[in-house]
Every structure is written in C-alpha cells, then in structure tokens.
Amino acid sequence: SDTACKNRPLDLVFIVDSSRSVRPEEFEKVKIFLSEMIDTLDVGERTTRVAVMNYASTVKVEFPFRTYFDKDSMKEAVSRIEPLSAGTMTGLAIQTAMDEVFTEEMGTRPAAFNIPKVVIVVTDGRPQDQVQDVAARARTAGIEIYAVGVERADMQSLRIMASEPLDEHVFYVETYGVIEKLTSRFRETFCAVNVCALGTHGCQQVCVSDGASHLCDCYEGYTLNPDKRTCSAVDMCAPGRHECDQICVSNNGSYVCDCYEGYNLNPDKKTCSAMDMCAPERHDCAQVCLSNDGSYSCGCYEGYTLNPDKKTCSAADVCVPGRHDCEQLCLRDDDLSYTCDCHQGYTLNPDRKTCSRARTSSLVTAEESCKCEAIVALQDSVTSRLEALSTK
C-alpha cells in the first residue's frame, strides 16, 4: 500500500489469456502479476476501479468494476481464477469488455465523470479471430488498450490491438517467469506520468509530464505550433541544418541530399563527385570529348576544325599557311595529306620539302648552227689541201 498510485482515477480492466498454450504453472505467474499490479494501484470506489476477465475460446468476466473496492478482496478473487484451456479469441474478449464490463450497470462511471477507460491484455499467442476491427472500435469508443505479449506472442497482433503511440502501449517479456517485471513499468505509466500515459493529454506528438500537469513537445525536425499542442515540420534544408554537399531536399521533418547535373551522390549520401561526362552515350561530340569537372566540351582530330555547332568537325585545308612545311609549293592530296613542289627553275630536294635552283645548259641558235657548219667545211677543205701538198 505504500507504493499505491495517487494518480487520477481509472476504470481498469485486465484481460488475461488462459488458452491451451498457457501451462498451469505459467497461468499462476499471470495471477501473481495481477495481484502485484493491484497492490500498486490506488484502488477504491472513488479512485481506481478494477475488473478482471479470463478468455480462451470463450470469455468469462471473473469480476466487474462494481464487485470489489478493496485490494484484499480483489487479490483473493484473482487467486481463485481457473484457466479455460481452449483457443485464443482475443477479439471476442475485447468485444465482451465493451458490451458487458464498460457499462454503468457493471460499475463503469458515467462519461461525465471523465474517468479514463483502460484495458490491459495479456496473451502468449496469436488471436484466432478478427481482433483488428474490434480493437479499432474499442479505441474509437475511448478505451485505451495496452498489449502485453509473453514468449510466443505474435508481435504484429499486439501492435494491431494496442493504442498509439505503440512504443508506450506494447510490452513484451520472454517468459511468464519474468512477467512481474512489468509491474514497475505500469506503475510508472499510471502513477508517474499520469495524463501523458493515459492518452488524455491532446498532444499531437510528445507529452511531457510536469507533476500534476503536462506540456506538449515535438519530435526532432518539428516545432510546436502556437496552439501548444500540434507540430509542424521545420525546414531541414535551412542553412546550418543539413550536411548536403550540393542540394538539400526537405522531406516532412527530415531531408535527403542530391547533386547538380553532371554529379553523382557518393555512398555517404551527403557529398557529390563529378561523373565522367565523356563516357559512352553521355556526350554528342562527333570526334573528341573533353571532360571538365561535371561538364564537357568537344574537339576534333588533327586535320579537322570544330564547326559552329561545337559538336561536329570538318576537314581543315592542310595547305593553308602554318599547316604545312613545304618551302615553296603545297599540293593537297586529300583532306589530311599533301606533297611539296617547287617553282619553275627549281627542283625538289631529297627531303621532299625544300627546293634548289636547277642547272642551265647553253642554247644554240639556228644562225650559230650555220656558222658552225661553214667553219667545219672550211676546216675540211684546208685539211684536204694540206694532205694533197704533202704527197707531191
């Protein structure tokens, strides 16, 4: 009694699974858990009222809210509970709680009293009926559901039936042998944090207990609106809030990084590296692609010039000044080659580039040719006469 909760009153229902999968010694552990939970509560007609239900294929209301208002009587009743030993109809148990326990005839206080309605379901299996729809109707009716899974319990089913936020309403223990350790968790929930744990605080995201009152707060990346209850996402891409190298894309309270055109996002998801823009299929250069830090420019092979479109190339005139090494004449063979030649009176040297002056010979005119013939005839005549005189 020294540890009893002095929190605001509750109408609290325990719904415990006693199906075939729960061995007798394990069910005894459940009853010890219920007794220890009762000890932590501020039980009374005007404070917290407690009801206990037992279920398997069928559902049994062990005692409703109106039956006991003292701890000793409640614990004595708990000690007499026997397992039902059949299937696991969790949805049926929650529906029965709504129909037969949370009624004014069974001791539930009128809605005008604003007493929170709370259910704690303890199970070690998977529901064999449609618990999702039933749990949703219960939550809509204002019933807050805590789901306690033991050993073989199906976690997805626990999350389906529990109230939001799930991390405050879904509990799991490895075995029934350690289920008692949840007692302190529920004591903190029902005693220490009061309104925040009971779901009556009206905070959209985070409820912070402040003794008998509470304050609302927001998750990281959100700011509290002027109504002090709801939250709005902050701009995570504002300067100083992100670590993106180039582009920050805000995403509902968080952000992702991106890169400018021509860059790839590195594995760290923050920095960027220039991609090879000259890789095949990335450029439209006709001949040569020159990569340049995330962009590119086009060039041409030797003997070609870049056209005004900065992509295609045309063959250059190899015989224009400055493009050849001929000393005198450049003769173009085709788009890319040429040969050298010389002016008249010059001959091409063996290096096929330079020229030398050609050797000239004496030219004999017709008149000079006649003079030569007369001279020859005279010489022949003189020779003949000299031969004649020498013979006499």
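Below or above, wherever it landed, is the structure these notes cover. (Residues numbered from 1 in each chain as written. Predicted model: local features only at pLDDT ≥ 70, side-chain atom pairs only at ≥ 80, totals over all residues. Heavy atoms only, no water.)

**Brief notes about the packing of aromatic side chains**
Logical step 1: In total, this model carries 5 aromatic pairs according to the counting rule given.
Logical step 2: An angle of 10° between the planes, with centres 6.4 Å apart, marks the rings of Y146 and F171 as stacked. Of this pair, Y146 sits in strand β5 (residues 143–150) while F171 is found in strand β6 (residues 170–173), placing the two residues 25 residues apart along the sequence.
Logical step 3: The class of F171 is buried, set by a relative accessible area of 4%.
Logical step 4: On the numbers, 5.0 Å between centres and 80° between planes, the contact of F171 with F186 is edge-to-face. Within this pair, whereas F171 is found in strand β6, its partner F186 is found in helix α6 (residues 182–192), the two being separated by 15 residues in sequence. One exposure class covers both F171 and F186, and it is buried. (Phe/Tyr/Trp six-rings, centres within 6.5 Å; stacked < 30°, edge-to-face > 60°. Helix = DSSP H or I, 4+ residues; strand = E, 2+ residues; numbered from the N terminus. Buried < 20%, exposed > 50% of the residue type's maximum accessible area, 1.4 Å probe, protein only.)

**Section: the side chain of S18**
Logical step 1: Along the chain, S18 falls in the loop between β1 (11–17) and α1 (24–40).
Logical step 2: Using a relative accessible area of 0% as the deciding quantity, one classes S18 as buried.
Logical step 3: There is a polar contact of 3.0 Å between the side chain of S18 and the backbone nitrogen of L84.
Logical step 4: Residues contacting S18, with those up to four places away along its chain left out, are F27, N54, Y55, A56, P83, L84, S85 and A86. (Polar contact = N/O pair within 3.5 Å; in protein donor to acceptor, adjacent residues only side chain to side chain. Contact = heavy atoms within 4.5 Å.)

**Points about the nonpolar core**
Logical step 1: Within the largest apolar cluster, 34 residues are counted, with the highest numbers of intra-cluster contacts made by I120, F186 and F190.
Logical step 2: No other element matches α1, which puts 6 residues into this core.
Logical step 3: In this structure, V13, A51, A93 and V121 belong to the second largest nonpolar core, which totals 27 residues. (Core = buried A, V, L, I, M, F, W, Y, C linked by side-chain atoms within 4.5 Å.)

**Let's talk about the state of the cysteines**
Logical step 1: In the structure shown here, the tally under the stated rule is 11 disulfides.
Logical step 2: Paired by a disulfide, C285 and C298 hold their sulfur atoms 1.9 Å apart. Disulfide C285-C298: the torsion about the S-S bond is -80°, which places it as left-handed. Here C298 lies in strand β16 (residues 295–299) and C285 lies in the loop between β14 (272–274) and β15 (288–292), a separation of 13 residues in the sequence.
Logical step 3: Residue classification places C298 among the buried positions, given a relative accessible area of 12%.
Logical step 4: A sulfur-sulfur separation of 1.8 Å characterises the disulfide bridge that pairs C342 with C355. Between C342 and C355, the S-S torsion sits near -90°, and that sign places the bridge as left-handed. Highlighted residues: C342 in the loop between β20 (338–341) and β21 (346–348) and C355 in strand β22 (residues 355–357), separated in sequence by 13 residues.
Logical step 5: A relative accessible area of 10% means that C342 is categorised as buried.
Logical step 6: When its relative accessible area of 12% is taken as the criterion, C355 is described as buried. (Disulfide = S-S within 2.5 Å.)

**Quick look at the pattern of salt bridges**
Logical step 1: A full pass over the atoms with the stated rule returns 16 salt bridges.
Logical step 2: Among the salt bridges present, the one from E76 reaches R80, with a minimum N-O distance of 3.2 Å.
Logical step 3: According to the relative accessible area criterion, E76 is partly exposed, its value standing at 44%.
Logical step 4: In this structure R80 comes out as partly exposed when scored by relative accessible area, which is 48%.
Logical step 5: A salt bridge links R152 to D124; the shortest N-O distance between them is 2.6 Å. Remark: D124 occurs in the loop between β4 (117–123) and α4 (131–140) and R152 occurs in the loop between β5 and α5 (155–161); sequence separation between them is 28 residues.
Logical step 6: Because the salt bridges share partners, they merge into one network encompassing R23, E25, E26, D124, E151 and R152. (Salt bridge = Lys/Arg side-chain N within 4 Å of Asp/Glu carboxyl O.)

**Considerations on the environment of V43**
Logical step 1: Assignment of secondary structure puts V43 in the loop between α1 and β2 (49–55).
Logical step 2: Taking the C-alpha atoms as reference points, V43 and D70, separated by 27 residues in sequence, lie 6.2 Å from one another.
Logical step 3: Look past the residues within four positions of V43 in its chain and what remains in contact with it is I38, T48, V50, F69, D70, K71 and M74.

**As for the environment of Q246**
Logical step 1: Structurally, the position occupied by Q246 is in the loop between β10 (231–233) and β11 (247–251).
Logical step 2: A C-alpha to C-alpha distance of 7.5 Å links Q246 and C257, two positions 11 residues apart in sequence.
Logical step 3: Each residue touching Q246, except ones within four places of it in the same chain, is listed here: D258, C259, Y260, Y263 and C272.
Logical step 4: For Q246, the side chain forms a polar contact with the main-chain nitrogen of Y260, separated by 2.7 Å.

**Overview of a nonpolar patch on the surface**
Logical step 1: On the surface, a cluster of nonpolar side chains totalling about 290 Å² of accessible area is made up of L378, V382 and L386.
Logical step 2: Residue position: L386 is located in helix α8 (residues 366–391).
Logical step 3: Using a relative accessible area of 53% as the deciding quantity, one classes L386 as exposed. (Patch = residues over 30% accessible without salt bridge, like charges linked within 9 Å, V, L, I, M, F, W, Y side chains within 5 Å. Areas by Shrake-Rupley, 256 points an atom, 1.4 Å probe, with all protein chains shown as cover.)

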